[in-house]
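A closer look at the structure
This is what each chain is made of:
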Amino acid sequence: MLIDRAIVEVRSGSGGNGAISFLQEKNMPKGGPDGGNGGKGGSVFLVARKNVNTLLAYRHSRVLEAANGGKGDKKMRSGKNAEDVISEVPVGTLVYEEESKTLLADLSKDGQVVCVAKGGRGGRGNAAFKTSRLRIPRVAENGHPGEKKRLILELKLVADAGLIGFPSVGKSTFLNVVSKANVATADYPFTTLVPNLGVVTLPGGYDQFVLADMPGLIEGAHEGKGLGITFLRHIERCRVLVHMVSMSGEKDPYEAYLSINEELKDYGAELEKRPQIVVATKMDAEGAEERKKEFDEKLGFASYPLASLIGQGVNDLIKKIYELVQNTPEFPLYVEGKEEESPSYRVYDASKELKEPPFVISRPSDHLFVITGKEVLAKYALMNLSDDQGVARLISYLNRLGVNEALEKKGIREGDTVRLADFEFTYSK
């Protein structure tokens, strides 16, 4: 089963806490601090593998979670680094951050790796805080927290050429004839429900290219009608589009040709600018020659005649596709270093945005003041408050940040309570 879109939650591990310890040995009465650093938390990586062809493993909002780093220990022993989590996805997977819709990676090559959640650094033990002025530090650092985010995984098949057109124009039949795809075919619309890939080998047995059979498009596909919008994104990686138009007489060929091109244009990824080979299919139908002649006159050029079941025009067409594929560069979904030109990127201009303050003070009641803010909370998370020195270090940091002055402007009085995350203290001048 082809699952081409999934949402997954990733959680990297937090770093281990640093240790507070002092060397106590018989022959070293003044050994000093020997608390080791905490270990690094595990990171979460995604790696593209060509032998994986679906996102089925992530269908049910799977959680990828790495372990936390080990705590530091005495005698300068560092905590154990946690193992990283490496998960495989198909080649052609795009990774977006769900909240901001930012494109994090385009895994378009086999073996390509991206870190989607970085593990936290281990906290420093008290030995790291020893200075000439602080000979007996009773303070250590907590491990840096890991990351937690939800990602959208979106698979866009990697094919050199894609077959497009209305349902039942002969796309699947042609793919079966030129490859070993074994796609289901029948005389009714929407026989193809998922994209299918086939490897086409040219006469001679050496040159090959990958051909994709896309589910049939209908008018309004870009708005969600039919099956088209679900699979239009798979066409984005194709260097060449093979536009198949039936000459069976069920639809006006030229109107069908214009309608499909309009859907490509309305999709918004400049698909209409891709090189196209226009193919007149079902040439073994009665009256097909006359319809093709009229169709070509309206096109202004000759379309390729094809009758897949009897082998008419098959070899000439695959040679033309291969030739055009070789002479057409790849169309990257974004250009490295030019992310602002890609609609998949959300670009920020720091000069146009106000810098977030390091802290904000609110007053939910007369005698309670709450300190919040991304910077101050991140710093607080690293502080070990199990000792008076740790608490003093926190108060010193808040004073340097200007919290004391801000509290006075808010009207704080002696005896009022100040809260920072889960830590509370009584204000005193």
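The text that follows walks through the structure, step by step, so that each part is easy to find.

Rules used in this analysis
Residues numbered from 1 in each chain as written. Predicted model: local features only at pLDDT ≥ 70, side-chain atom pairs only at ≥ 80, totals over all residues. Heavy atoms only, no water. Axes fitted to C-alpha atoms, helices over the stretch in contact; angles between N-to-C directions. Helix = DSSP H or I, 4+ residues; strand = E, 2+ residues; numbered from the N terminus. Parallel < 35°, antiparallel > 145°, perpendicular 65-115°, else oblique. Contact = heavy atoms within 4.5 Å. Nonpolar A, V, L, I, M, F, W, Y, C, P; charged D, E, K, R; others polar. Salt bridge = Lys/Arg side-chain N within 4 Å of Asp/Glu carboxyl O. Buried < 20%, exposed > 50% of the residue type's maximum accessible area, 1.4 Å probe, protein only. Core = buried A, V, L, I, M, F, W, Y, C linked by side-chain atoms within 4.5 Å. 1 Å grid on protein atoms, 1.4 Å probe; cavity = no way out; pocket = protein on both sides within 12 Å on 5 of 7 lines; lining within 4 Å. Points joined across faces, edges and corners; volume = space filled by probe spheres on them. Phe/Tyr/Trp six-rings, centres within 6.5 Å; stacked < 30°, edge-to-face > 60°. Expected span 1.5 Å × (residues − 1). Arc of directions from axis to C-beta. Pairing = 2+ DSSP bridges.

Considerations on the packing of helix H3 (residues 253–267) against helix H4 (residues 288–299)
For any two helices packed against each other, the geometry is given by the interaxial angle and the distance between the axes. The interhelical angle for the contact between H3 and H4, taken along N-to-C directions, is 45 degrees, at an axis separation of 9 Å. Judged on the interaxial angle alone, H4 and H3 are oblique. Judged by residue contacts, Pro253, Tyr254 and Tyr257 of H3 engage Phe295, Lys298 and Leu299 from H4. Broken down by class, the residue content of the contact of H3 with H4 amounts to five nonpolar, no polar and one charged.

As for the pattern of salt bridges
Applying the stated criterion across every chain, the model contains 13 salt bridges. Residue Glu9 is joined to Arg11 by a salt bridge in which the shortest nitrogen-to-oxygen separation is 2.5 Å. Residue Arg11 is classed as partly exposed on the basis of its relative accessible area, which comes to 26%. The partner of Asp73 in a salt bridge is Arg77, with the nearest N and O atoms 3.4 Å apart. Relative accessible area serves as the criterion here: at 35%, Asp73 is assigned to the partly exposed category.

Remarks on the nonpolar core
In summary, soluble globular proteins display a tendency toward joint burial of nonpolar side chains. One finds Phe174, Phe209, Leu211, Met244, Leu317 and Ile321 to be the most contacted residues of the largest nonpolar core, which totals 34 residues. Where this core is concerned, the elements lending two or more residues are strand S9 (161–164), helix H1 (171–178), strand S11 (208–213), strand S12 (240–246), H3, strand S13 (276–281) and helix H5 (314–326). Tallying contributions element by element places H5 first for this core, with six residues.

Focus: the environment of Ala302
By the element assignment, Ala302 lies in the loop between H4 and strand S14 (304–305). For Ala302, a relative accessible area of 57% corresponds to the exposed category. It is 9.1 Å that separates the C-alpha atoms of Ala302 and Val279, two residues lying 23 residues apart in sequence.

A look at empty space enclosed by the protein
A full pass over the atoms with the stated rule returns one cavity of 30 Å³ or more. Quantified by volume, the largest cavity comes out at close to 30 Å³. Around the largest cavity, the lining residues are Phe166, Val169, His243, Met244, Val245, Ser246, Ala256, Tyr257 and Ile260. For the lining of the largest cavity, the secondary structure elements donating two or more residues are S12 and H3. Residue classes in the lining of the largest cavity are distributed as seven nonpolar, two polar and no charged.

Comments concerning the packing of aromatic side chains
Evaluation of the coordinates by the stated rule reveals four aromatic pairs. Geometrically, the ring pair formed by Phe209 and Tyr322 is tilted, given 6.4 Å between the ring centres and 35 degrees between the ring planes. With Phe209 in strand S11 and Tyr322 in helix H5, this residue pair connects regions lying 113 residues apart in the sequence. Classification of Phe209 by relative accessible area gives buried; the value is 2%. Judged by its relative accessible area of 16%, Tyr322 falls in the buried class. Centroid distance Phe423 to Phe425: 5.9 Å. Interplanar angle 40 degrees. Geometry classified as tilted.

What to know about H4
Taking 1.5 Å per residue as the helical rise, H4 with its 12 residues ought to reach 16 Å, and the 16 Å between its terminal C-alpha atoms agrees with that figure. When we look at burial in H4, the residues that qualify are Ala288, Lys292, Phe295, Asp296 and Leu299. Projected down its long axis, H4 carries its buried residues within an arc of 100 degrees, all on one side. The exposed residues of H4 that point more than 90 degrees off its buried face are Glu290, Lys293 and Glu297. Contacts from the buried residues of H4 go to S12, H3, S13 and S14.

Notes on the sheet that holds strand S6 (residues 102–107)
With respect to topology, five strands assemble into an open sheet ordered S3-S1-S8-S5-S6, the strand pairing being mixed. Each edge of the open sheet is held by one strand with a lone partner, namely strand S3 (63–65) and S6. If you compare each strand with its neighbour and ignore which way they point, the axes differ by 25 degrees on average. Judged from the three bridges that link them, strand S1 (residues 5–11) and S3 form a sheet pairing that is parallel. Within S3, the residue paired with Val10 across the bridge is Leu64.

Focus on the packing of H1 against H5
Contact geometry of H1 with H5 gives a least axis separation of 11 Å together with a crossing angle of 90 degrees. When the axes of H1 and H5 are compared, the pair comes out roughly perpendicular. Of the residues in H5, those in contact with Phe174, Val177 and Val178 of H1 are Val314, Leu317, Ile318 and Ile321. Class assignment of the residues belonging to the contact of H1 with H5 gives a composition of seven nonpolar, no polar and no charged.

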